[in-house]
Amino acid sequence: MAKEILPFQKKLSLTFFSFIFVVLLVYLSQNFALNEKSQRLLIKTLNVPGQFISRFLNEYQEFENQKIAQLEEEILNLRNQIYENELELKSLENSRPYNNLDISLRGSSETFINSFDQINFTCCNKHRVYINNPNNLENGIYAISQGNFALGKTKNISKREMEVRLLSDPEEYISIKNTTGFFCIAKGTGKGRLISCLNESKAERYQLGDTFFTTGFDGIYPPDLIVGRIVNISANQSNIFQHNIEIELFFDPYQSINKKVNIHE
Amino acid sequence: MNEVIRYSSFVCLIILNQILLATNLWPISPDLFLVHTLIYTTFVKKIPNIYLFIFMGFLIDLFFSNTSIPYTITYFLVGLYLNFSSLKWIQRSLLEQLILIISISFCLNILLFYVNDFSDEMSKRIFINPFLNSMIWVLIFINQRHKWLKNI
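Keep in mind that this is a model prediction, so the values were computed, not measured.

Draft legend 1. Structural context of the overall build of chain B. Within chain B, the regular secondary structure consists of 6 helices and 0 strands. Ordering the α and β elements of chain B from the N terminus gives α-α-α-α-α-α. The buried share of chain B, taken over its 152 residues, is 28%. For chain B, contacts bridging at least 24 residues in sequence account for 69% of all contacts bridging at least 6.

Structure, rendered in structure tokens:
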């Protein structure tokens, strides 16, 4: 369709009148402050749905946060469950017919690990975890285990919490045995989860992978708690009859926070 | 384009532009009203008279400018051009169209920034906006040119 072409005179008059129209509108808007009024009206009009949307979004966010918190709690519970099941599995793997693991847990009370001193663990050979003091126990030395696994013994006790020195701490000693009747006093190495003991007799009644249990001779740890497994046997250079046995503990302090432990009173 | 759709889309654009301003996206977005006018001009059979253009510009200024000058003047010029031009807008070459879009967008933004006290951060719109408007027109042109060739 062809475009209609306006004559010059009409163009001129149209331009003139439209210019007048522009001037009139600008004058009106200035005179009656129309811009300000209409902008205020627009903001006010949009404020209602804006508030509604922001409230809706806030509520939705709150709902999502609640859901996330719930899921996180569920994940934590499941992790704890997995951890406990793994412990049980390890305990069953390492149990022997003569071990009565139920007896070793008798007379113990349950509590939770509330913190682990990771800095001192990695830098300064101080292997400590802190547990709650549920029964307001007073000063004394108590053996601590996680399920059937020996963990360490209490050092300092306050009303609210107990400092537990782990078996891997260099100042910690424990009397242990394996299933073939080899006994030794193991000492913490301060390196990771390792403890070591020396065998000065020529008889070798142990091998890599052997599991060690508490003997109960020290009077602190109940007998038959699972301690760890041999990971290295090395000969001493100055004394060829002496063996250094490295035992890796089953208890992992890095996974210990908020996990259940037993206090053997 | 149906009249109802035209006016309701105009209201929607006012709301959308206000959202862009509130979310600080306005400097990096094309000028919705100019793009709307371009589309409207392209699809409508008869170009409306200058007074309607001026009135639309005035309405936009009422909501988005401190004084009713930038859009009113721009729409006045657009209306004059579209009404007085011997050729239809879509009959012009793409280059010609782009030059016109860029120059009118540039004029509009200069006026907007002269009349309003926008922050310095907003000033990048003066250069970004003509480019964005022309890009949108290129997209429309590429998409619609076959139909236009049939109708011309």
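From this point, things continue past the structure.
Draft legend 2. The interface of chain B and chain A, seen in detail. With 22 residues of chain B in contact, the opposing surface of chain A contributes 19 residues. Secondary-structure elements contributing two or more residues to the side of chain B that touches chain A are helix H1 (3–22), helix H3 (50–64) and helix H4 (70–84) of chain B. Looking at which element gives the most residues to the side of chain B that touches chain A, the answer is H3(B), with 7 residues.

Draft legend 3. Summary view of the environment of A:Leu87. Residue and element names in this part refer to chain A. Locating Leu87 in the fold gives a position in helix H2 (residues 34–94). Given 19 C-beta atoms within a 10 Å radius, Leu87 is considered partly exposed. Measuring from C-alpha to C-alpha, the distance between Leu87 and Phe250 comes to 8.7 Å, with 163 residues separating the pair along the chain. Apart from residues no more than four positions distant in its own chain, Leu87 is found in contact with Gln146, Gly147 and Phe149.

Draft legend 4. Quick peek at the packing of H3(B) against H4(B). All names here are of chain B. Between H3 and H4, the shortest axis-to-axis distance is 7 Å and the interhelical angle comes to 160 degrees. Here H3 is positioned roughly antiparallel relative to H4, judged by the angle of their axes. You can see that H3 and H4 cross each other, and the crossing is right-handed. Counted together, Ile50, Phe53, Ile54, Met56, Gly57, Phe58, Ile60 and Asp61 of H3 and Pro70, Tyr71, Thr72, Thr74, Tyr75, Phe76, Val78, Gly79, Leu80 and Asn83 of H4 form the full contact between these two elements. For the contact of H3 with H4, the class distribution of residues is 12 nonpolar, 5 polar and 1 charged.

Cut-offs used in this document
Residues numbered from 1 in each chain as written. Chains lettered and ligands numbered in written order. Predicted model: local features only at pLDDT ≥ 70, side-chain atom pairs only at ≥ 80, totals over all residues. Helix = DSSP H or I, 4+ residues; strand = E, 2+ residues; numbered from the N terminus. Buried ≥ 20, exposed ≤ 12 C-beta atoms within 10 Å, placed from the backbone. Contact = placed C-beta atoms within 7 Å. Axes fitted to C-alpha atoms, helices over the stretch in contact; angles between N-to-C directions. Parallel < 35°, antiparallel > 145°, perpendicular 65-115°, else oblique. Left-handed = near helix turned anticlockwise from the far one by under 90°. Nonpolar A, V, L, I, M, F, W, Y, C, P; charged D, E, K, R; others polar.

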